[in-house]
Amino acid sequence: METIVELKNVTKVIKGRTIIDNISFQVNKGEVFGFLGPNGAGKTTTIRMIVGLMGITSGDITIGGASIKTQFEDAVGHVGAIVENPEMYKFLTGYQNLVHYARMSKGITKEKITETIELVGLTERINDKVKTYSLGMRQRLGLAQCLLHDPAVLILDEPTNGLDPAGIREIRDYVRLLAREKNMAVIVSSHLLSEMEMMCDRIGIIQNGRLIDVQHMKEFVHNTEVTYELEVVPSESALSLIKTNYPNVRANLSRNGISVELPKEEIPNLVKTFVANEIQIFGIKEVAKTLEDRFLEVTAEKGAAQHG
Ligand SMILES: Nc1ncnc2c1ncn2[C@@H]1O[C@H](COP(=O)(O)OP(=O)(O)OP(=O)(O)O)[C@@H](O)[C@H]1O
Ligand SMILES: [Mg+2]
């Protein structure tokens, strides 16, 4: 795996306040890296530093081996990014916007523009004025803009904000496609774990300006115990069965029946036990832990580790 972006001890202090505190991580080619954290954690600030919109107080960022401090143009030349709202001329068509944008970089051909429009699925509407576009279409045009110069790294700050489920899915599919087929490194930020889960290979968890963990998405999900909502009758007897068979498992009565934290492998056995004891099963629903829960877990683990 080839590293394309590297943050080394990056710190940002604004007016005496440490907003980003000594963050280091690497992103490889062909990988989707998710930057996950609650509002105000420092995602946008970190991204602004990576794309060169904001200076670094200390540490360094290299992109394609070039330092953002000493080889700025070289470094940011590798990057395509949407941070906050992409610049667009609403009274021009999507196509005119792209042509305008293409003039800012060297060597972008007409074919490249057409190919990019197709990639983001805007072919049919590209000659309409941007002011007639929906939010999702504007997002796609923004994506096209930053893909024109074939960046090695694509950076999207909360790309699915405000999109409907279909729009979210589209962005997710493009992101995966770009990583897989163009070997692009993609950095996306979000405060939604569920969204990151489907899009990312790895995630970095940021909280209060600190990177508290970097994990492979699969491991992160694997380590997250899920809660099951069991719609069973009678729920009291079902609960005592669970307590007898799984004394160490957290289980309690909930609105619709029982809420229990169990590894998935145990579900078939539990069902057998219920059936053998004439418990009626109306439904078993997997309820993923909220990001908040997982955060509390991870921070508690890290906190405990730090305090010995
Ligand atoms: N220019 C600035 N001046 C002062 N404080 C700032 C500035 N930019 C960001 N901050 C502060 O830095 C912290 C991190 O902000 P940032 O926008 O990076 O968070 P975020 O993770 O992107 O949050 P959100 O999910 O809400 O977008 C916040 O407390 C914010 O108020
Ligand atoms: Mg932000």
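About the thresholds
- Residues numbered from 1 in each chain as written.
- Chains lettered and ligands numbered in written order.
- Predicted model: local features only at pLDDT ≥ 70, side-chain atom pairs only at ≥ 80, totals over all residues.
- Heavy atoms only, no water.
- Near = heavy atom within 4 Å.
- Polar contact = N/O pair within 3.5 Å; in protein donor to acceptor, adjacent residues only side chain to side chain.
- Helix = DSSP H or I, 4+ residues; strand = E, 2+ residues; numbered from the N terminus.
- Nonpolar A, V, L, I, M, F, W, Y, C, P; charged D, E, K, R; others polar.
- Salt bridge = Lys/Arg side-chain N within 4 Å of Asp/Glu carboxyl O.
- Phe/Tyr/Trp six-rings, centres within 6.5 Å; stacked < 30°, edge-to-face > 60°.
- Buried < 20%, exposed > 50% of the residue type's maximum accessible area, 1.4 Å probe, protein only.
- Pairing = 2+ DSSP bridges.
- Axes fitted to C-alpha atoms, helices over the stretch in contact; angles between N-to-C directions.
- Contact = heavy atoms within 4.5 Å.
- 1 Å grid on protein atoms, 1.4 Å probe; cavity = no way out; pocket = protein on both sides within 12 Å on 5 of 7 lines; lining within 4 Å.
- Points joined across faces, edges and corners; volume = space filled by probe spheres on them.
- Patch = residues over 30% accessible without salt bridge, like charges linked within 9 Å, V, L, I, M, F, W, Y side chains within 5 Å.
- Areas by Shrake-Rupley, 256 points an atom, 1.4 Å probe, with all protein chains shown as cover.

(A) Region of the structure containing the site of ligand 1. Every residue lining ligand 1 is accounted for by Ile14, Arg17, Ile19, Pro38, Asn39, Gly40, Ala41, Gly42, Lys43, Thr44, Thr45 and Glu158. The contact in question runs from an oxygen atom of ligand 1 to an N or O atom on the backbone of Gly40, over 2.7 Å. In the model, an oxygen atom of ligand 1 is placed 2.9 Å from a nitrogen or oxygen of the Gly42 main chain. Mapped onto the shell around ligand 1, the elements with two or more residues apiece are β2 (17-28) and α1 (43-50). A total of 3 residues in the shell around ligand 1 trace back to one element, the largest contributor, which is α1. When grouped by side-chain class, the residues that make up the shell around ligand 1 number 4 nonpolar, 5 polar and 3 charged.

(B) Examining the pattern of salt bridges more closely. The tally for this structure, following the rule as stated, stands at 13 salt bridges. Among the ionic contacts, a cluster of salt bridges with common partners joins Lys112, Glu115, Asp150 and Lys182.

(C) Region of the structure containing the packing of aromatic side chains. One pass over the structure, following the stated rule, counts 2 aromatic pairs. When the ring of Phe25 is compared with that of Phe33, the centres are 4.7 Å apart and the planes differ by 5 degrees; the resulting orientation is stacked. With respect to burial, Phe25 and Phe33 carry one shared label: buried. Seen in terms of ring centroids, Phe25 and Phe35 are 5.5 Å apart; in terms of plane orientation they differ by 40 degrees. Their pairing is tilted. A residue pair is termed long-range when its members are at least 10 positions apart, and Phe25 in strand β2 and Phe35 in strand β3 (residues 32-36) qualify at 10 residues. For the residue pair Phe25 and Phe35, the accessibility class agrees, reading buried in each case.

(D) Here's a closer look at unusual backbone geometry. In this structure, the amide linkage connecting Val233 to the following residue, Pro234, adopts the cis form with an omega of -5 degrees. Tracing the chain through its elements places Pro234 in the loop between β11 (227-233) and α9 (235-245). Its identity as a non-glycine residue notwithstanding, Asn183 has a phi of 55 degrees, on the positive side. Mapped onto the fold, Asn183 is located in the loop between α6 (165-181) and β8 (185-190).

(E) Structural view of the sheet that holds strand β13 (residues 258-261). If you walk across this open sheet you meet the 4 strands as β12-β13-β11-β14, and the pairing is antiparallel. Looking at strand neighbours, the two that pair on one side only are β12 (251-253) and β14 (280-287), the edges of this open sheet. Neighbour-to-neighbour, the strand axes of this sheet turn through a mean angle of 20 degrees, independent of strand direction. Packing of α9 onto the sheet brings it into contact with β11, β12 and β13, and relative to β12 it is tilted by some 170 degrees. Its contacts with the sheet put helix α10 (residues 267-276) on β11 and β14, and the angle it makes with β14 is roughly 160 degrees.

(F) Representation of the sheet that holds β2. Taken together, 4 strands build an open sheet; the order of strands is β2-β1-β4-β5 and the sheet is antiparallel. The open sheet has two edge strands with one neighbour each: β2 and β5 (66-67). Here strand β4 (residues 58-63) pairs with β5 via 2 bridges, running antiparallel. Directly across from Ile63, in β5, lies its bridge partner Ala66.

(G) Up close: empty space enclosed by the protein. Tallied over the full model, the rule gives 1 cavity of 30 Å³ or more. Considering only enclosed or pocket space, the largest cavity measures out at about 60 Å³ in volume. Surrounding the largest cavity, Lys112, Glu115, Thr116, Leu119, Leu147, Asp150, Leu178, Lys182 and Met184 form its lining. At 4 residues, helix α4 (residues 110-119) tops the list of elements feeding residues into the lining of the largest cavity. Among the residues forming the lining of the largest cavity, the class breakdown is 4 nonpolar, 1 polar and 4 charged.

(H) Molecular detail of a nonpolar patch on the surface. Taken together, the side chains of Val275, Ile281 and Ile284 define a hydrophobic patch exposed on the protein surface, amounting to about 220 Å² of accessible area. Here Val275 lies in helix α10. Residue classification places Val275 among the exposed residues on the basis of a relative accessible area of 54%.

(I) Expanded view of the environment of Glu158. Relative to the helices and strands, Glu158 is located in the loop between β7 (153-156) and α6. Judged by its relative accessible area of 16%, Glu158 is buried. Linking Glu158 and Leu239, residues 81 residues apart in sequence, is a C-alpha distance of 41 Å. Setting aside its immediate chain neighbours within four residues, Glu158 contacts Lys43, Ser189, Ser190 and His191.

(J) Molecular detail of the pairing of β3. For β3, a buried count of 5 out of 5 residues is recorded, marking the element as mostly surrounded by other parts of the structure. By the alternation rule, side chains of β3 split into Val32, Gly34 and Leu36 and Phe33 and Phe35, which are all buried. Of the strand pairs in this sheet, β3 and β8 are connected by 5 bridges, and their pairing is parallel. Each residue of the ladder has a partner; that of Phe35, found in β8, is Ser189.

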